[in-house]
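Structural overview
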Amino acid sequence: MSKLRIATLSSIIGLVTVVGCSTQQSAPPVNPPKITPAEGGEIKRVWLDQGWSEQIRNDFWFTNQGAQIIPYTWFVWLEQAESEQLFRHTDHMEMLRYLPMQASQSNPGGLPIGFALHNNQTTGESWVGMTCAACHTNQLDYKGTKILIEGAPTLGNFVLFFKKLIEAMDKTLADTAKFERFAANVLGPNRTDNDVAQLKTRLQDIALASAKRQTVNALPTDYPEDFTSYARLDAFGNIQNAGTAFALHDLTNKNTPTGPVSYPFLWGTHQSDVVQWNASAPNTPIVGPLVRNIGEVVGVFGSLDIKEAPIWQRLWGKKVRYSSTVDIMGLGYLESWVKTLKSPQWPVQYFPAIDNNKAAAGALLYKAECASCHQIVPREDELKRYIANQTLISELGTDPVTAYNASCHMANTLILEGTKERILIGDKFGPTGNAIDIPVNGVVGLVLKDIPLALKAGNIAERTQANGKKLSGLAEFEALVSEHLKARNNKAKSAATDCIDGTLDNGVYKGRPLNGIWATAPYLHNGSVASLWELLQTPKARSNTFWVGSREFDPVNVGYETHQGLNLFKVTDSNGKIRAGNSNLGHSYGTHLNDTQKWQLVEFMKTL
């Protein structure tokens, strides 16, 4: 039996929240495109009151956090692989289930929500990268009305997006006419033959680097291509590999991301004592949000590089150096907004009215069946900290793959061997270690490069000691990391797990308050249950297949329409056996109720 290793990172793609903010935006590209309605014109949506002003909403969508996918002008002008239609075209982004947006001062290229312009501080070049909003903003459609929900889990298909992007770059390299159009738009009328040749060489380099990333995070050959698909991603696995394979420069030093999860909703994240579906990351103020958010960027195209320190630094004991494109202040700004985000209320102006008699009866059932794991937080208390419930996986009976991968994936430590896990404190790395500890080490290394900036981003006030002297920034951060690590180690001692057979008898999943739960389908941590009504059915009676990707909301069952969509989610494989990672079993609470009581419970959850 090995000890359960508790990670201190948020997932990519689900799990951000950050800190305080400037609305200053990067300048438009040198050759900005002319935006037409077909490419990025006005999208008619409505918004709910979630505590954000229009300015905060817009800043959250497009504030850079340091991720780099491809150069900005490339993304603006890149065509789809099989047509001359732009990659960023409204229809294409809708197919991938990202949210098209019109051009504006903060979004001059008419990019989708959550795709931000990033100016590389080293080269000065503008890139496009994902930010929190790409994975944590969603749109519900109901009878022609498009309702935007801030902080809601995306329906986006990240894996398909990246696959299509690589195909588009490859086809642009292979198709002379396509490349000529691309070069003309990117380089402008004064381009030279040398400019064009250099562009093609660089496009080849970035396409190859992207293909390497795709290969490192590829699924085993016996998994279906659409295993990850819409509305879920193994962000934790991507973060692990960003550290073990890419930061340490060994593409074989990887683990397969076979535990995709539904993107968590953001409201209440800042206030919880722990984050991650498996409650693995202590959300210790204020270092918790800072660490998990840097880790999130590392998982979504924010480069992390861990190399041997130069000889003059090794002389005084510094073995490695850390670098990244992460924008720490951008993360700080994002967190400051997320911590004020409130859950969405059932929009009676657009949806059928709630049956108050049913909801009142359901409130009593909720208290008896659900409240021990999912506490009720009054709306006036939503921004207060709370202690999340943690339930044993052995009791829940839900799919254990996510928790298993987070706890049990191992990797070679390579250059980090012999250094402390948290640089300043902690055990020393042996030749192998828990995979997630490597990117966490990198995150701490990035913070230590500029302590004042990191503390500013984390809103950590300078403190005064008993003798009246100011506490140094380094001492302040060391104290916070020590507290963070202590919480992690205490949890590790209390939960042993068998990483050989994968039973995870003492592993846990987190139960959070269900405010706004109606807007977050599909359900369970792995998105294997289509609606709240379906979740109240006995596990064996739940649907083993349902369509995902539809935005059309079902206000009766509370989820999305499942009779059609963009991909068919399958719990079982071709042999009828439940596929690891896709199980819809477990969480049998309330399933013994009769249908009348179940409908009452569903009606009450609409009010949360």
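This structure is a prediction, so every number in the text was calculated from the model and none was measured.

1. Overview of the overall build of the chain
Each helix and strand in the chain was counted, giving 20 helices and 22 strands. Relative to its full complement of 608 residues, the chain shows a buried share of 58%. A total of about 24300 Å² of accessible surface is found on the chain, and carbon and sulfur atoms cover 52% of it.

2. Some details on the pattern of salt bridges
Here the structure, examined in full by the defined rule, presents 16 salt bridges. When the shortest N-O distance is used, the salt bridge between R181 and E84 registers 3.8 Å. Placement of R181 in helix α7 (residues 176-187) and of E84 in the loop between α3 (72-77) and α4 (90-95) is noted, with a sequence separation of 97 residues between them. The residue D305 makes a salt bridge to K307 at a minimum N-O spacing of 3.5 Å. On the accessibility criterion, D305 (17% relative accessible area) is buried. Several salt bridges share partner residues, and in doing so they unite E79, E84, K178 and R181 into one network.

3. As for a nonpolar patch on the surface
Together, I311, W312 and W316 give the surface a local cluster of nonpolar side chains, amounting to about 430 Å² of exposed area. Position of I311 relative to the elements: it lies in helix α11 (residues 311-314).

4. Things to note about the sheet that holds strand β2 (residues 46-47)
Pairing within the open sheet is mixed, and its three strands lie in the order β2-β7-β6. Pairing within the sheet leaves two strands with one partner each, and these edge strands are β2 and β6 (137-142). Bridge analysis of β6 against strand β7 (residues 145-150) gives six bridges, and the strand direction is antiparallel. When the bridges of β7 are listed, L140 appears paired with I147. Against the sheet, helix α2 (residues 54-62) contacts β2, β6 and β7, and its axis sits at roughly 75 degrees relative to β7.

5. Focus on the packing of aromatic side chains
Counting across every chain of the model gives 26 aromatic pairs. On the numbers, 4.9 Å between centres and 85 degrees between planes, the contact of Y223 with F227 is edge-to-face. Members of the aromatic cluster, connected to one another through ring pairs, are Y142, W346, F351, W518, F553 and Y560. One cation-aromatic arrangement involves K200 over F179; the distance from NZ or CZ to the ring centre is 5.0 Å. One Lys or Arg, R512, reaches over the ring of F265 and ends 3.8 Å from the middle of that ring.

6. Focus on the state of the cysteines
If you walk through the whole model with that rule in mind, you get zero disulfides. Note on C132: no disulfide assigned, nearest cysteine sulfur contributed by C135 at a separation of 8.7 Å. Residue C132 is classed as buried on the basis of its relative accessible area of 1%. Here C373 is not disulfide-linked; the sulfur of C370 is the nearest cysteine sulfur, at 8.6 Å.

7. Focus on the pairing of β7
Every other side chain in a regular strand lies on the same face of the sheet, so the side chains alternate between the two faces. In this structure, β2 lies alongside β7, joined through two bridges in parallel fashion. Note on β7: the bridge partner recorded for W47 is L148. Counting the residues that bridge the hairpin from β6 to β7 gives two residues, and of these K143 lies at a positive phi of roughly 50 degrees.

8. Regarding the confidence of the model for the chain
Taken over all residues, the pLDDT of the chain has a mean of 86, while the share at 70 or more is 85%. Scored below 50 in pLDDT, residues 1-32 shows 143 contacts in the model against residues more than four places distant or in partner chains.

9. Quick look at helix α6 (residues 158-174)
Along its 17 residues, α6 runs 24 Å from first to last C-alpha, staying within 8% of the 24 Å computed at 1.5 Å per residue. Considered for burial, the residues of α6 that qualify are F158, L160, F161, F162, L165, I166, A168, M169, T172 and L173.

10. Topic: the sheet that holds strand β5 (residues 126-130)
Taken together, three strands build an open sheet; the order of strands is β3-β5-β4 and the sheet is antiparallel. At either end of the open sheet lies a strand with only one pairing partner, and these are β3 (70-71) and β4 (115-119). In this sheet, β5 lies alongside β4 in antiparallel orientation, the contact comprising five bridges. Paired with A116 across the bridge in β5 is G129.

11. Topic: unusual backbone geometry
With the exception of glycine, the majority of residues adopt a negative phi angle, and the majority of peptide bonds are in the trans configuration. The step from A521 to P522 runs through a cis peptide bond, and the omega angle for that step is 0 degrees. Checked against the element boundaries, P522 lands in the loop between β18 (508-511) and α19 (532-535). Located in the positive-phi region is H249, a residue other than glycine, with phi close to 60 degrees. In this structure, H249 sits in the loop between α9 (235-247) and β9 (261-262).

12. Observations regarding α7
Spacing of three or four residues puts side chains on the same side of an α-helix, whose turn is 3.6 residues. The end-to-end C-alpha distance of α7 is 16 Å, a good match for the 16 Å that twelve residues give at a rise of 1.5 Å each. The secondary structure elements touched by the buried residues of α7 are α3, α6 and α8 (193-216). A side-chain oxygen of the first residue of α7 lies 3.0 Å from the backbone nitrogen of A177; this N-cap is D175. Just beyond α7, the residue with positive phi is G188, at close to 85 degrees.

13. A closer look at the side chain of H89
When you line up the elements, H89 lands in the loop between α3 and α4. Look at H89 and you get buried, because its relative accessible area is 10%. Here the side chain of H89 touches D91 through a polar contact of 3.0 Å, landing on its backbone nitrogen.

Cut-off values and rules
- Residues numbered from 1 in each chain as written.
- Predicted model: local features only at pLDDT ≥ 70, side-chain atom pairs only at ≥ 80, totals over all residues.
- Heavy atoms only, no water.
- Helix = DSSP H or I, 4+ residues; strand = E, 2+ residues; numbered from the N terminus.
- Buried < 20%, exposed > 50% of the residue type's maximum accessible area, 1.4 Å probe, protein only.
- Areas by Shrake-Rupley, 256 points an atom, 1.4 Å probe, with all protein chains shown as cover.
- Salt bridge = Lys/Arg side-chain N within 4 Å of Asp/Glu carboxyl O.
- Patch = residues over 30% accessible without salt bridge, like charges linked within 9 Å, V, L, I, M, F, W, Y side chains within 5 Å.
- Pairing = 2+ DSSP bridges.
- Contact = heavy atoms within 4.5 Å.
- Axes fitted to C-alpha atoms, helices over the stretch in contact; angles between N-to-C directions.
- Phe/Tyr/Trp six-rings, centres within 6.5 Å; stacked < 30°, edge-to-face > 60°.
- Lys NZ or Arg CZ within 6 Å of the ring centre and 35° of its normal.
- Disulfide = S-S within 2.5 Å.
- pLDDT = per-residue confidence, 0-100.
- Expected span 1.5 Å × (residues − 1).
- Polar contact = N/O pair within 3.5 Å; in protein donor to acceptor, adjacent residues only side chain to side chain.

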